[in-house]
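# Close look at the chain arrangement
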Amino acid sequence: MSIVRSGIRGRILDVVFANGTRICAFLVLLIIVAIMVSLLIGAWPALKKFGPSFIISKEWNPVTEQFGALVAIYGTVVTSIIAMLIGVPVSFGIAIFITELCPAWLKQPIATAIELLAAIPSIIYGMWGLFVFAPFFGDHIEPWISDTLGRLPVIGPLFSGPPLGIGVLTAGIILGIMVIPFMASVFRDLFEVVPPVLKESAYGIGATTWEVIKKIVLPYTKVGVVGAIMLGLGRALGETMAVTFVIGNADRLETSLLMPGNTISSSLANQFTEAVGEIYTSSLIALGLILFFLTFMVLALAKYLLIRLTLKEGVRT
Amino acid sequence: MKTTAYIFLMAMVAAICSMETGGSYAGEVKAISGAGATFPYPIYAKWASAYYKLTGIKLNYQSIGSGGGIKQIKAKTVDFGASDAPLKPEELDKWGLFQFPMIMGGVVPVVNIPGIKPGQLRISNKTLVDIYLGKIRKWNDPAIARENPGLNLPGMNITVVHRSDGSGTTWIFTNFLSKVSPEWKEKVGNAKAVAWPTGIGGKGNEGVASYVKRIRGSLGYVEYAYALQNRLTYIKLKNRAGAFVEPNMDTFQAAAANADWEGSKGFYVVLTDQPGKDSWPITGASFILLQKVQDKPEVAKAVLSFFDWCYKNGQEMAKKLDYVPMPEKVVNLVEEAWKTQIKDKDGNPVWP
């Protein structure tokens, strides 16, 4: 029996299949456009009322109906940056250890543990953050931070303040922990597809493990690595419940990272159900629109970075 | 092909709709539906399960928040709505709605100060406002010490805790602060979510309770039931009569009994800062909203029968869950109003 189906029936099936996949692909575009349009329509009253000052105003007052997104944007960006500062190096370390240095019998247990961590719902991270991490952090780490880092000249103000255990820094750390399993498992998959022959050749000419990573593994996987970091960043930007639990949810702009703040997604989670009045609801939707653009910009930046990387390659060879 | 699929889809939609509203069956009513406030959800659910065992009538209550409940009753997608804050009479008239108080609770300020036991600390209204405005920042401030001569208060920073989500609890609390302080009214105001001058926000009563438990020197506000169940250190507040009172069932009921229900159009009564020397100053009722003109009088009757049963038989269940039942005087007033306010399309009263 042949696996090739001949005749009219095969051709019809082919057309059906091609169109089926096409519909699936177009559906994604359609959904993106639909979300965009409905966000724009929903956000319009607020954008019309406040104009561009919506983005730079730090006022968020449901009583007087004066709304600005600056506090939420700042919180979203800063927590995500902290998360990346923690998440990227650690995930990187995990992935390198598993693929290059780990004894064979330990590989599978660590890999499974990471995948299990990735499967934990974000609310669990939030509750763990609130009940376990925040008290520990507030009692033992934050006093130390404000006594040491808080005394430094330039960055001091970022790390001073009462040790509440709850705030922007805590939220960033929890986010960092949350993106680690995700990025680590993608990194590991990427590093594993590097052809052994390349690595062995490098080892063969006397390269150290670090040199192999830097000169062989990373260049070979860089497209995927950038993609994974951006996906991790996307998750950090949009994470809602875990952040809501530990960030302190205060709509004020504070210099110190130890003080409470707010993010776009936690503002939405907190306020959407009880938001009354057109401008209030619309301002919240406008926040959603801004998050949409932030994520879009992150993806665009990732693409741009990749293009730059490939261009460089072209010059070198 | 297309038409068949379309008809099938429509049939599905119709089936789902009739399931949702529950009450749209002709004849005998088997289910009633409501949506709204989350605060009374546990007691409504408890009443509903007891009532179902008794009568076979099922209540579908979605605790989606007061705002959502108000939207749904306006759109008539549910048989009744529930809200923690009463609607103003003008708004009731605009949408043809009727409201009545169903169950009460109190908002209780709680503190975490080493060495201070529940009910020991007394705080005057002005001091409470000044703390929430960020003007008083230390527990040994003279304004606090003056009211508490015997207590040894530490020179600790005060960390203010508030709700981060929009909530009826915040509405009642800020309503109280606005009533007792013109400054608060002007600077911050009264709403389900406000621009807090200071402090950190916890999500839900449980969020505030856990922040207060873990941050030393904190002051927050939670529903009475949460303060009780989490053994938080509640404080005494000064009421309008000038007496310091403890939060409990009796002081909440005193506030409700002393309020002017007769003279208030559309039962628009906010139980904060009520007269009477036993009244707890931050008490609040949760309200039920109904359409005044009922398209389906048999459903309206079933809804009212359920609430009538709750008023008469649900008191003990409510107390067990740390809710405060409405005083009998108020119940009688409400049931009188049902007779004249809720009508079918031809203007005939639905109740009794």
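Attention in this report is confined to the structure presented alongside it. This structure is a prediction, so every number in the text was calculated from the model and none was measured.

A few words now on the overall build of chain B. The helix and strand tally for chain B stands at 14 helices and 15 strands. Taking 2.2 N^0.38 as the reference for a compact globule, 352 residues should give roughly 20 Å; the C-alpha atoms of chain B span a radius of gyration of 22 Å, in line with that estimate. With the C-alpha coordinates aligned to their principal axes, the bounding extent of chain B is approximately 75 × 50 × 40 Å. The contacts of chain B with a sequence gap of at least 6 include a subset with a gap of at least 24, amounting to 74%.

Attention now goes to the overall build of chain A. Across its full length, chain A holds 11 helices and 2 strands. The linear arrangement of helices and strands in chain A, starting from the amino end, is α-α-β-β-α-α-α-α-α-α-α-α-α. Dimensions of chain A, computed from the C-alpha atoms along their principal axes, are close to 75 × 60 × 40 Å. Taken over 317 residues, chain A has a buried fraction of 42%. For chain A, the exposed surface amounts to about 16800 Å²; the carbon and sulfur share of it is 74%. Taking the average place of the 20 positive charges on the side chains of chain A and the average place of its 18 negative ones, the gap between the two points comes to 13 Å.

The grouping of I123(A), I124(A), M127(A), W128(A), F131(A) and V132(A) at the surface amounts to a nonpolar patch, some 530 Å² of accessible area in total. Note that F131(A) resides in helix α5 (residues 122-148).

What follows covers the environment of G165(A). Locating G165(A) in the fold gives a position in the loop between α5 and α6 (168-192). Taking the C-alpha atoms as reference points, G165(A) and L258(A), 93 residues apart in sequence, are found 7.5 Å from one another. Dropping the residues within four chain positions of it, G165(A) is found in contact with A134(A), F137(A), G138(A), E142(A), T170(A) and R214(B).

Contacts between chain A and chain B engage 29 residues on the former and 31 residues on the latter. Summed over both partners, the interface of chain A with chain B comes to about 2100 Å²; 54% of that surface belongs to carbon and sulfur atoms. On the chain A side of the interface with chain B, the three residues burying the most area are L164(A), R252(A) and E274(A), jointly 28% of the side's total. One can count 0 salt bridges joining chain A with chain B. The interface formed by chain A and chain B holds 9 residue pairs in polar contact (both at pLDDT 80 or more) in total. The element best represented in the side of chain A that touches chain B is α5(A), accounting for 6 residues. The class makeup of the residues in the side of chain A that touches chain B is 17 nonpolar, 9 polar and 3 charged.

With that settled, consider the packing of aromatic side chains. All names here are of chain A. The full count for this structure, using the stated rule, is 32 aromatic pairs over all chains. Aromatic side chains F67 and Y280 sit 5.1 Å apart centroid to centroid with 15 degrees between the ring planes, which places their arrangement in the stacked category. Of the two residues, F67 sits in strand β2 (residues 66-67) while Y280 sits in helix α11 (residues 278-316), which places them 213 residues apart along the sequence. For the pair F67 and Y280, one class covers both residues: buried.

Helical geometry: 3.6 residues make up each α-helical turn, so side chains three or four residues apart lie on a common side. With 25 residues, α6(A) should reach 36 Å at 1.5 Å per residue; the first-to-last C-alpha distance of 36 Å fits that figure. At I180(A), α6(A) shows its maximal bend, which comes to roughly 30 degrees, and the proline P181(A) appears one to four places after that position.

Once that is clear, we can look at the pairing of strand β6 (residues 159-163) of chain B. Residues and elements named next belong to chain B. Among the 5 residues in β6, 5 count as buried, and that is most of the element. Where β6 and strand β8 (residues 218-223) come together, 2 bridges link them in parallel fashion. The partner of V160 across the bridge, within β8, is L219. In terms of strand pairing, β6 meets strand β7 (residues 200-202) through 3 bridges, oriented parallel. Bridge pairing in β7 links V161 to I200.

Moving on to the side chain of S66(B). As for its placement among the helices and strands, S66(B) is situated in helix α3 (residues 66-74). A distance of 3.0 Å separates the side chain of S66(B) from the backbone nitrogen of D84(B), its partner in a polar contact.

Next up on the list: the sheet that holds strand β10 (residues 236-238) of chain B. Backbone-to-backbone hydrogen bonds join strands into a sheet, with any given pair of strands oriented parallel or antiparallel. All names here are of chain B. Ordered by their spatial adjacency, 3 strands build an open sheet running β5-β10-β11, and the pairing between neighbours is mixed. Both outer strands of the open sheet, β5 (122-123) and β11 (244-245), are each paired with one neighbouring strand and no more. Of the strand pairs in this sheet, β10 and β11 are connected by 2 bridges, and their pairing is antiparallel. Pairing of K238 across the sheet is with F244, part of β11.

Turning to the pattern of salt bridges, a few remarks are in order. Tallied over the full model, the rule gives 18 salt bridges over all chains. When the shortest N-O distance is used, the salt bridge between R188(A) and E115(A) registers 3.5 Å. One end of the pair, R188(A), is in helix α6; the other, E115(A), is in helix α4 (residues 104-119), and 73 residues separate them in sequence. The shortest N-O distance in the salt bridge between R240(B) and D273(B) comes to 3.9 Å. In this pair, R240(B) sits in the loop between β10 and β11 while D273(B) sits in the loop between α11 (249-258) and β12 (283-291), placing the two residues 33 residues apart along the sequence. On the basis of relative accessibility, which here comes to 54%, the residue R240(B) falls in the exposed class.

Here helix α12 (residues 297-313) of chain B spans 24 Å end to end across 17 residues, near enough to the 24 Å set by a 1.5 Å rise per residue. Those residues of α12(B) that fall on the buried side of the exposure criterion are V299(B), A300(B), A302(B), V303(B), L304(B), F306(B), F307(B), D308(B), W309(B), C310(B) and Y311(B).

This brings us to the pairing of β8(B). All names here are of chain B. Taken across its 6 residues, β8 has 6 buried, putting it largely inside the fold. Taken together, the 6 bridges between strand β4 (residues 97-112) and β8 define a ladder with antiparallel strand orientation. Bridge pairing in β8 places V111 opposite L219.

To continue, consider the packing of α5(A) against α6(A). Residue and element names in this part refer to chain A. One way to put it is that α5 packs onto α6 with a least axis distance of 9 Å and a crossing angle of 130 degrees. Our classification of the angle between α5 and α6 gives oblique. Here α5 and α6 pass one another in a crossing that is right-handed. Taken together, the residues of α6 that come into contact with α5 (itself represented by S122, Y125, W128, G129, F133, F137, E142 and I145) are L169, T170, I173, I174, I177, M178 and P181.

Here we come to unusual backbone geometry. A positive phi is found at N249(A), a non-glycine position, where the angle reads about 45 degrees. For N249(A), the location among the structural elements is in the loop between α9 (241-246) and α10 (264-271). Owing to a relative accessible area of 3%, N249(A) belongs among the buried residues under this scheme. Notably, D273(B) is not glycine yet its phi reads approximately 50 degrees, a positive angle.

Basis of the calculations
Within every chain, residues take consecutive numbers counted from 1 along the sequence as written. Just so you know, chain letters begin at A and ligand numbers begin at 1, following the order they were written in. With pLDDT at 70 or above as the cut-off, local features in this predicted model cover only qualifying residues; side-chain atom pairs require 80 or more to be listed or tallied, and sums for whole chains, interfaces and linings still use all residues. As a rule here, side-chain values come from all non-hydrogen atoms in the structure, and water together with hydrogens is ignored. A helix here means a DSSP run of H or I that spans at least four residues, while a strand means a run of E at least two residues long, and both kinds are numbered starting from the N terminus. It is over C-alpha atoms that the radius of gyration is taken, and the globule rule equals 2.2 Å times the number of residues to the power 0.38. The contact definition used throughout considers only heavy atoms, calling two residues in contact when any of these lie within 4.5 Å. Each residue gets one of three labels from its accessible area relative to the maximum for its type: buried under 20%, exposed over 50%, partly exposed in between, using a 1.4 Å probe on protein chains only. In this description, accessible areas are obtained by the Shrake-Rupley approach with a 1.4 Å probe, and a residue is regarded as covered only by the protein chains that are shown. Only four residue types enter the tally: Lys and Arg on the positive side, Asp and Glu on the negative side, with His and both chain ends excluded. Every charge is mapped onto a representative atom, which is NZ of Lys, CZ of Arg, CG of Asp or CD of Glu. Residues enter patches when they are more than 30% accessible in relative terms and free of salt bridges; like-charged ones are connected within 9 Å and nonpolar ones (Val, Leu, Ile, Met, Phe, Trp, Tyr) within 5 Å. The salt bridge criterion pairs a side-chain nitrogen of Lys or Arg with a carboxyl oxygen of Asp or Glu, the two atoms within 4 Å. The term buried area means the drop in 1.4 Å probe accessible area that two parts suffer when joined, counted for both and summed. Whenever a nitrogen or oxygen atom comes within 3.5 Å of another N or O atom, the pair is scored as a polar contact, on the condition that within protein one atom can donate a hydrogen and the other can accept it, and that pairs from neighbouring residues in sequence are kept only if both atoms are in side chains. Nonpolar residues are Ala, Val, Leu, Ile, Met, Phe, Trp, Tyr, Cys and Pro. Charged residues are Asp, Glu, Lys and Arg, and all others, Gly as well, are polar. Stacked, tilted and edge-to-face pairs are distinguished by plane angle, under 30 degrees for stacked and over 60 for edge-to-face with tilted covering the rest, among Phe, Tyr and Trp rings (Trp via its six-membered ring) whose centres lie within 6.5 Å. Under the convention used throughout, the expected extent of a helix is 1.5 Å for every residue step, that is, one less than its residue count. Note that the bend at a residue is defined as the angle between axes fitted to the seven residues ending at it and the seven residues starting at it. Pairing between strands is defined by DSSP: at least two bridges between them are needed. The angle between two axes is taken between their N-to-C directions and runs from 0 to 180 degrees, where each axis is a line fitted to C-alpha atoms and a helix contributes only its stretch in contact. Put simply, angles under 35 degrees are roughly parallel, angles over 145 are roughly antiparallel, angles from 65 to 115 are roughly perpendicular, and the rest are oblique. Each crossing gets its handedness from the near helix: less than a right angle anticlockwise from the far helix is left-handed, clockwise is right-handed.

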